[in-house]
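Given next are the chains, with one letter for each unit.
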Amino acid sequence: MPKPKPKLTIKLNLLKPQSNPEKLPVKLFRWLLLSGRYIFVFVEALVLIAFGARFKLDADLAADKEAIEEQIPYIESLKAYEVLIRQTQLKLATIDNTKTNSPDWSAILKKIADQIPTSVKITAINIEKQINSGKVRIAGQTPQNNDLMSFIAGLKSDTTFSNVTLVNAGLEQGVIKFSLDATAKATGFKQQVI
């Protein structure tokens, strides 16, 4: 009689052994063996990339340094132009400063001309710059006393002028010769445009 076939039986224990749990160093060692090789490969790849990048960056730095050294003679040749440009900028700044801080003489002369009656003849105008103002001395002559008075009254009524005074007046051969002083206020100054 043939031998009976043994039955296949599987012994399956779904519960972990509870008697002896794995210790932490053993778990760590097992984890290092399983996944540590991937970390090691990743770190080595980073080191190799950094090593290769170092050579590339050194080559780029050397190329940039050579390009800069090639430009040095050209830049040094432009030094004379730079000095000339700086001098021109200084002159322009000085002119602008002078123009900004000086009275607008043309406007002052126009305001004087607007006040002159027809019979008054101006023989001399002297203008001096003072701090925040300008001193104006006008010499002239007129055959009529009323025209001289209207000229002085017109200057006094203009807000640009202050301290309008008749310095002297004299009669020679039927003509009144006079000189007067006035102060041109700071409103006649040019304002700086920003």
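The shown structure was predicted, so the numbers you read here are calculated from the model rather than taken from an experiment. (Residues numbered from 1 in each chain as written. Predicted model: local features only at pLDDT ≥ 70, side-chain atom pairs only at ≥ 80, totals over all residues. Heavy atoms only, no water.)

J.: What am I meant to see in the pairing of strand β4 (residues 175–184) here?
T.: Along a regular strand, successive side chains alternate from one face of the sheet to the other. Along β4, eight of the ten residues are buried, which leaves the element largely enclosed by surrounding structure. In this structure, strand β2 (residues 133–142) lies alongside β4, joined through nine bridges in antiparallel fashion. If you follow K135 over to β4, its bridge partner there is T183. Strand direction decides the pairing type here: strand β3 (residues 161–172) and β4, joined by nine bridges, are antiparallel. Across the sheet, residue A169 finds its bridge partner in β4, namely F178. Turn length for the β3-β4 hairpin, with the two strands adjacent in sequence and antiparallel, is two residues, and the turn residue Q173 shows positive phi of about 55°. (Buried < 20%, exposed > 50% of the residue type's maximum accessible area, 1.4 Å probe, protein only. Helix = DSSP H or I, 4+ residues; strand = E, 2+ residues; numbered from the N terminus. Pairing = 2+ DSSP bridges.)

J.: Which parts of the structure should I look at to understand unusual backbone geometry?
T.: Both trends apply: most residues other than glycine have a negative phi, and most peptide bonds are in trans. The backbone phi angle of N163 is positive, close to 55°, even though this residue is not glycine. Tracing the backbone shows N163 in strand β3. Backbone geometry at Q173 places phi at a positive 55°, although glycine is not the residue there. Among the structural elements, Q173 can be located in the loop between β3 and β4. According to the relative accessible area criterion, Q173 is exposed, its value standing at 83%.

J.: What should I look at first to understand the pairing of β2 in this one?
T.: Sheet analysis places strand β1 (residues 121–130) next to β2, joined by nine bridges and oriented antiparallel. What sits directly across from E128, in β2, is K135. The antiparallel pairing of β1 with β2 creates a hairpin that spans two residues between the two strands, and N132 there sits at a positive phi of about 60°.

J.: Explain the sheet that holds β1 to me, please; I cannot follow it from the model alone.
T.: Adjacent strands of a sheet pair through backbone hydrogen bonds, lying either parallel or antiparallel. Within the open sheet, the four strands sit side by side as β1-β2-β4-β3. Their pairing is antiparallel. Both edges of this open sheet fall to β1 and β3, since each of them pairs with a single strand only. On average, each strand axis in the sheet is inclined to that of its neighbour by 15°, with strand direction left out of account. Contacting β1, β2, β3 and β4, helix α3 (residues 105–115) crosses the sheet at an angle of about 145° to β1. (Axes fitted to C-alpha atoms, helices over the stretch in contact; angles between N-to-C directions. Contact = heavy atoms within 4.5 Å.)

J.: Looking at this model, I keep getting lost on the packing of helix α1 (residues 24–77) against helix α2 (residues 79–101). Mind explaining?
T.: Each packed pair of helices is defined by two parameters, the angle between the axes and the distance between the axes. As a packed pair, α1 and α2 sit with axes 4 Å apart at the nearest point and diverge in direction by 40°. One element, α1, and the other, α2, form an angle in the oblique class. Where α1 approaches α2, its residues I75, E76 and S77 are matched on the opposing element by K79, A80 and Y81. Each residue belonging to the contact of α1 with α2 can be placed in one class, and the counts come to three nonpolar, one polar and two charged. (Parallel < 35°, antiparallel > 145°, perpendicular 65-115°, else oblique. Nonpolar A, V, L, I, M, F, W, Y, C, P; charged D, E, K, R; others polar.)

Remember that the coordinates give geometry; whether it matters functionally is a separate question.
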